[in-house]
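# Structure at a glance
Single-letter residue listing:
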Amino acid sequence: WQIFKFHIVIVKWHWAIFDESARKDDEVFRMAVADLNLNNEILETEKITISVEFVDGNNPFQAVQEACELMNRGILALVSSIGCMSAGSLQSLADAMHIPHLFIQRAPAGTPRSSCTLASRSRQDDYTLFVRPPVYLNDVILQVVGEYSWQKFIIFYDQDYDIRGIQDFLDKTSQQGMDVSLQKVESNINMMITSMFRTMRVEELHRYRDTLRRAVLFMSPATAKAFITEVVETNLVAFDCHWIIINEEISDQDVQDLVIKSIGRLTLIRQTFPLPQNTSQRCVKHNHRINTSLCDPKDPKAQTLEITNRYIYDTVLLLANTFHRKLEDRKWHSMASLTCIRKNSKPWQGGRPMLDNVKKSGVSGLTGFLEFTDNGTNPNIYFEILGTNYGEDRGRGVSRLATWDPVHGLNGTLTDRKLENNMRGVVLRVVTILEEPFVMVSENVLGKPKKYQGYSIDVLDALSNYLGFKYEIYIAPDHKYGSQQADGFWNGLIGELVAKRADVGLSALTITPERESVVDFTTRYMDYSVGVLLRKAERTVDMFACLAPFDLSLWACIAGTVLLVGILVYLLNWLNPPRLPMGSVSSTTLYNSMWFVYGSFVQQGGEVPYTTLATRMMMGVWWLFALIVISSYTANLAAFLTITRIENSIQSLQDLSKQTELPYGTVLDSAVYEQVRSKAMNPFERDPMYSQMWRMINRTGGPDNNVEESKEGIRKVKSGRFAFVWDAAVLEYVAINDEDCSFYTVGNNAPDRGYGIAMQHGSPYRDIFSQRILELQQNGDMDILKLKWWPRDSPCDLYSAVHTKHRGGALDIHSFAGVFCVLAAGVLLSCLIAMVETWWTRRKGSRVPSKEDDKEIDLEHLHRRVNSLCTEDDSPHKQFSTSSIDLTPLDMDSMPATRQALEQISDFRNTHITTTTFIPEQIQTLSRSLSAKAQQGFAFGPVPDHRTGGPFRQRAPNGGFFRSPIKTMSSIPYQPTPQPNFSYGNDPDRGTSI
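Nothing here was measured: the structure is a model prediction, and the numbers come from that model. (Residues numbered from 1 in each chain as written. Predicted model: local features only at pLDDT ≥ 70, side-chain atom pairs only at ≥ 80, totals over all residues. Heavy atoms only, no water.)

## Thoughts on a negative patch on the surface
- Judged by side-chain charge, D669, E708, E709 and E712 come together as a negatively charged surface patch.
- On the secondary structure map, E709 appears in the loop between α23 (688-697) and α24 (710-719).
- Accessibility expressed as a relative area gives 39% for E709, which makes it partly exposed. (Patch = residues over 30% accessible without salt bridge, like charges linked within 9 Å, V, L, I, M, F, W, Y side chains within 5 Å. Areas by Shrake-Rupley, 256 points an atom, 1.4 Å probe, with all protein chains shown as cover. Salt bridge = Lys/Arg side-chain N within 4 Å of Asp/Glu carboxyl O. Lys, Arg positive; Asp, Glu negative; His and termini not counted. Charge placed at Lys NZ, Arg CZ, Asp CG, Glu CD. Helix = DSSP H or I, 4+ residues; strand = E, 2+ residues; numbered from the N terminus. Buried < 20%, exposed > 50% of the residue type's maximum accessible area, 1.4 Å probe, protein only.)

Here's what the structure looks like:
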């Protein structure tokens with residue numbers, strides 16, 4: 001509560017009135033007393049004298065003290081025009097002293113009234129009468145917002161308003177499911193608005209602007225004017241807003257000022273007083289004539305009258321008529337001269353009859369008919385509801401929409417007049433920007449208007465067909481979407497709407513908080529996300545794709561393992577030589593071990609039989625290893641050749657931001673440019689990814705990597721190493737419709753905003769456009785329009801970083817080129833080795849072999865020498881195989897034991913020529929290898945005849961032996977070996993074979 005001076009009006013035979021510091025009540029009271037003193041019909045010969053006292057409205061003690069002083073002088077009734085705080089104290093005093101108290105409630109500084117919570121007593125002890133009717137503001141505003149079908153609005157109240165006055169209203173709105181916000185308006189409104197702009201984020205400010213579209217103002221007319229002026233100048237409201245101002249104290253001049261300062265629709269609720277239809281009766285009330293300056297509505301003084309002034313005048317008139325009737329009835333009581341300070345003070349005996357006479361009285365005055373009910377309240381109150389239409393015309397008219405009273409309620413119909421679905425006859429001017437596939441020129445004939453096509457044009461046509469409007473379309477002069485310049489003005493498409501040169505803005509226009517601060521957007525008709533357009537890498541031919549299943553290091557390990565295992569097998573056989581089968585032509589050289597290990601690894605088998613346990617253990621583990629490796633290679637090779645696995649370095653916005661080799665950029669001053677900049681520079685939503693992107697985009701101030709138009713960015717991607725950051729929908733369309741399918745896109749799949757249709761700030765078309773867009777989305781029509789421009793069966797792959805072919809699983813020659821290369825290399829290497837071997841053999845045959853270098857026997861030469869040793873030319877065993885020669889049992893005991901012959905018949909393990917001796921019947925065998933150095937032939941001595949008759953075995957073609965049908969054997973002479981003597985005959989397990 002502010003501290004105000006209020007007046008206590010003491011009514012006595014010589015009336016004393018306490019007026020307010022504004023002097024308005026005092027002036028009206030004096031005029032009322034003057035009018036009554038001139039009227040001889042009411043008071044006859046009595047005159048009214050005046051006494052005025054001033055008190056502080058927030059000081060109840062002072063009010064009681066001044067009232068007691070007046071009671072000491074003599075009093076008939078107490079009239080107070082004061083606030084609720086001091087009224088409670090005066091009520092207690094009047095009840096105690098039985099003084100009729102006529103209370104006229106005043107609100108501080110012209111703010112709306114709140115109900116006074118005065119002490120409730122029994123009817124017998126209540127001496128206070130409420131001249132002003134009860135506060136019905138809650139009932140009126142609840143019915144008005146219900147008629148307007150508001151579900152969400154905000155209530156503004158000034159600092160002098162007692163918020164407890166609308167508690168009942170808030171409870172009822174909550175029960176009805178309304179979303180109501182409260183905000184206090186400070187005395188310094190400009191500072192309050194500036195603080196909001198400084199502390200609120202852009203998104204919060206946008207939501208706040210949307211909330212201001214529906215508002216109720218509980219404030220004085222002066223505060224309402226200042227507040228409306230500020231919010232209009234700061235562009236917080238537009239001409240689609242609807243505000244309700246409710247206050248009993250709104251004059252005609254206040255109504256005109258509020259309408260001029262506001263935009264949009266304005267509804268005003270104020271208390272009104274019925275006026276007689278006959279203008280001559282407005283100033284004549286029964287037996288009293290009111291001063292013309294107060295009763296004539298055209299009089300300037302009457303237009304500035306406050307409601308309390310009117311009730312003060314009528315109160316004085318009511319008391320004068322009551323005293324007049326008391327004089328006529330001869331029931332006059334002497335004035336009360338009371339002392340309220342003493343404890344033994346008695347109340348006035350004439351208080352109750354005087355109160356009853358006042359209640360029974362009634363008078364027609366400036367407020368209509370003033371009377372009281374049994375509970376001491378004035379039931380007569382009327383409200384009128386004034387309103388304007390939507391728009392921003394400052395000179396638009398105000399009309400009465402309805403009235404309200406406690407008995408009949410709302411008299412009239414209130415509707416929040418929105419646009420209906422029929423917009424026939426409306427021609428909208430549409431500004432656009434060419435952006436594929438949203439807006440494109442379909443026909444450009446000289447002398448005729450251009451025709452346009454695209455996804456946004458299809459949406460506009462769908463709205464036009466349903467709503468019935470027509471449109472004219474033109475391209476923004478600077479071919480830009482629009483951004484705020486240094487001087488505060490907007491350019492581009494947004495600038496056309498701000499300057500009101502266009503009604504609608506349509507293109508690939510994204511909804512951003514900055515744009516929504518100056519224009520209005522419909523609901524989104526398509527989701528938006530940021531994408532990147534990149535050029536596909538040319539597909540390279542990998543001739544050695546067959547090696548791809550294994551890494552190079554793994555191939556090196558496998559090769560080293562083959563060599564290592566081959567060496568280990570050789571060493572194991574060298575340390576523990578295996579027992580070879582009779583007639584075996586295999587040997588355990590290092591070369592054969594390596595060949596055997598390699599053959600088993602490639603699952604082709606081997607030739608060397610290994611019989612030792614260690615070697616078999618080694619080979620078992622090796623075969624298991626080879627099985628696992630070959631199986632893994634086969635499976636991985638099948639998957640590698642049938643599934644294209646593209647591993648590109650840029651697969652998302654994060655990958656793009658982390659690299660610096662590939663430059664990238666966007667369109668200067670576009671929504672994408674501002675989005676990256678705001679998220680990189682704003683300390684409240686700083687994103688490391690956008691910070692890195694901003695450093696690249698803003699390099700050297702921006703011109704290097706950024707472009708003026710999106711088409712220029714697409715050309716840069718096509719021609720060189722460049723990545724273009726732009727709307728994902730636009731980039732997908734470009735990639736789909738590229739003839740060479742040379743583009744692919746990456747981006748963020750989660751949409752963070754959308755495309756919308758822009759309109760002038762406060763456009764009345766926004767709601768109806770948004771409603772129709774929602775209907776198109778619900779019916780699936782939007783999806784059909786989208787598939788027209790972004791088909792699902794595109795021939796180009798949008799997400800592959802290389803050129804791919806949409807075919808089956810057939811493999812081409814490129815996948816096996818490396819295999820053929822290996823085969824060709826092996827053939828060439830084999831030919832080269834064959835040539836080297838041929839050359840080496842010829843060179844070796846031309847020279848005399850030495851004893852140290854000769855390791856092999858010429859089998860053909862040996863064959864001829866052995867045949868020449870046969871004594872019987874007709875023997876069927878005359879011919880011998882070049883790979884194996886079988887001899888009949890020899891009497892090794894009779895062989896000369898000379899050292900020279902022993903050197904010729906010694907053990908050679910590394911030759912394929914062996915001698916085998918068979919002992920008849922006992923099958924005693926002795927094996928001995930012959931030296932490969934015997935190139936001059938065998939010198940066998942004479943053979944005794946006792947060997948004849950023994951069986952002769954010859955090597956069968958399959959490597960075994962068969963018994964010869966010849967019972968007798970030819971003797972083979974050989975060179976006897978004199979010493980040492982070998983007792984081979986005693987060893988049944990030894991034999992000699994060649």
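Having seen the structure, we can now continue with the description.
## Observations regarding the pairing of strand β10 (residues 265-272)
- Among the eight residues in β10, eight count as buried, and that is most of the element.
- What you see with β10 is no split at all: R265, T267, I269 and Q271 on one side and L266, L268, R270 and T272 on the other are buried throughout.
- Across five bridges, the pairing between strand β9 (residues 242-246) and β10 is parallel. Across the sheet, the residue bridging to I245 is L268, located in β10.
- Each parallel crossover has a hand, and the one from β9 via helix α10 (residues 252-261) to β10 is right-handed.
- Inspection of the sheet shows β10 paired to strand β15 (residues 382-387) by six bridges, in the antiparallel sense. Bridging across to β15, T267 finds its partner in G387. (Pairing = 2+ DSSP bridges. Right-handed = clockwise from strand over helix to strand, strands pointing away.)

## A word on the confidence of the model for the protein chain
- For the protein chain, per-residue confidence averages 75 on the pLDDT scale, and residues scoring 70 or more make up 71% of the total.
- Considering only residues more than four positions removed or in separate chains, one finds that residues 851-856, a stretch of pLDDT under 50, has 10 contacts.
- Predicted confidence for residues 979-994 stays below pLDDT 50, and this span has 60 contacts to residues more than four positions away or in other chains. (pLDDT = per-residue confidence, 0-100. Contact = heavy atoms within 4.5 Å.)

## Re the pattern of salt bridges
- Under the criterion given, the structure shown has 23 salt bridges.
- Residues K172 and D168 are paired through a salt bridge, measuring 3.4 Å at the closest nitrogen-oxygen approach. Separated by four residues within a single helix, K172 and D168 lie in helix α6 (residues 167-175), roughly one turn from each other.
- We classify K172 as partly exposed; its relative accessible area is 30%.
- Overall, the relative accessible area of 38% leaves D168 in the partly exposed class.
- Between E775 and R772 there is a salt bridge, with the nearest N and O atoms lying 2.9 Å from each other. You can see E775 and its partner R772 sitting in helix α26 (residues 766-779), three residues apart, about one turn around the helix.
- Judged by its relative accessible area of 24%, E775 is partly exposed.
- Residue class for R772 comes out buried when judged on its relative accessible area of 13%.
- Salt bridges sharing partners connect three or more residues here, namely D252, R270, E384 and R400.

## Things to note about the sheet that holds strand β23 (residues 519-521)
- Within the open sheet, the five strands sit side by side as β21-β18-β22-β30-β23. Their pairing is mixed. Only two strands of the sheet have a single partner each, and these edge strands are β21 (470-475) and β23. Strand-to-strand twist across the sheet, computed as the mean angle between neighbouring axes with direction ignored, equals 30°.
- Two strands pair when backbone bridges link them, and strand β22 (residues 504-506) and strand β30 (residues 758-760) are joined in this way by two bridges, in the antiparallel orientation. If you follow V504 over to β30, its bridge partner there is M759.
- The strands touched by helix α15 (residues 455-467) within the sheet are β18 (427-432), β21 and β22, with β21 carrying the most contacts at an inclination of about 160°. (Axes fitted to C-alpha atoms, helices over the stretch in contact; angles between N-to-C directions.)

## A word on the nonpolar core
- F438, Y455, Y525, F724 and F769 are the most contacted members of the largest nonpolar core, which has 88 residues in total.
- No other element matches helix α25 (residues 728-736), which puts seven residues into this core.
- Counting residues in each nonpolar core, the second largest holds 58 residues, with V33, I82, I290 and Y313 among its members. (Core = buried A, V, L, I, M, F, W, Y, C linked by side-chain atoms within 4.5 Å.)

## Description of the UniProt feature "site: Interaction with the cone snail toxin Con-ikot-ikot" (unreviewed entry) in the protein chain
- Under the local residue numbering, the UniProt record ascribes the feature "site: Interaction with the cone snail toxin Con-ikot-ikot" (unreviewed entry) to R677.
- Mapped onto the elements of the fold, R677 is located in helix α22 (residues 671-681).
- Classification of R677 as partly exposed rests on a relative accessible area of 33%. (UniProt positions renumbered as here; feature names shortened; annotations may be inferred.)

## Examining the sheet that holds strand β16 (residues 399-405)
- Taken together, the eight strands give an open sheet; going across it, the order is β7-β6-β8-β9-β10-β15-β16-β17, and neighbouring strands pair in mixed fashion. Bordering the open sheet on either side are β7 (179-185) and β17 (409-411), each of which pairs with just one other strand. Looking at each pair of strands side by side, their axes are set apart by 20° on average, direction ignored.
- Where strand β8 (residues 214-218) lies against β9, four bridges are found, and the strand directions are parallel. Note that in β9 the partner of A215 across the bridge is W243.
- Contacts from helix α9 (residues 221-233) reach β6 (152-158), β7, β8 and β9 within the one sheet, and its direction differs from that of β9 by about 165°.

## Let's talk about the packing of aromatic side chains
- Within this structure, the stated rule accounts for 24 aromatic pairs.
- Plain terms: the ring middles of F550 and W555 are 5.3 Å apart, the flat faces sit at 55° to each other, and that makes the pair tilted.
- Three or more aromatic residues joined by ring pairs form one cluster here, namely F438, Y455, Y525, Y528, Y755 and W790. (Phe/Tyr/Trp six-rings, centres within 6.5 Å; stacked < 30°, edge-to-face > 60°.)

## Quick notes on the pairing of strand β25 (residues 530-535)
- Counting buried positions over the six residues of β25 gives five, a clear majority of the element.
- Pairing of β25 with strand β27 (residues 723-727), which is carried by four bridges, proceeds in the antiparallel orientation. Residue pairing across strands places G531 opposite W726, the latter belonging to β27.
- One ladder, built from five bridges, connects β25 with strand β28 (residues 743-747); its direction is antiparallel. By the bridge assignment, G531 is partnered in β28 with G747.

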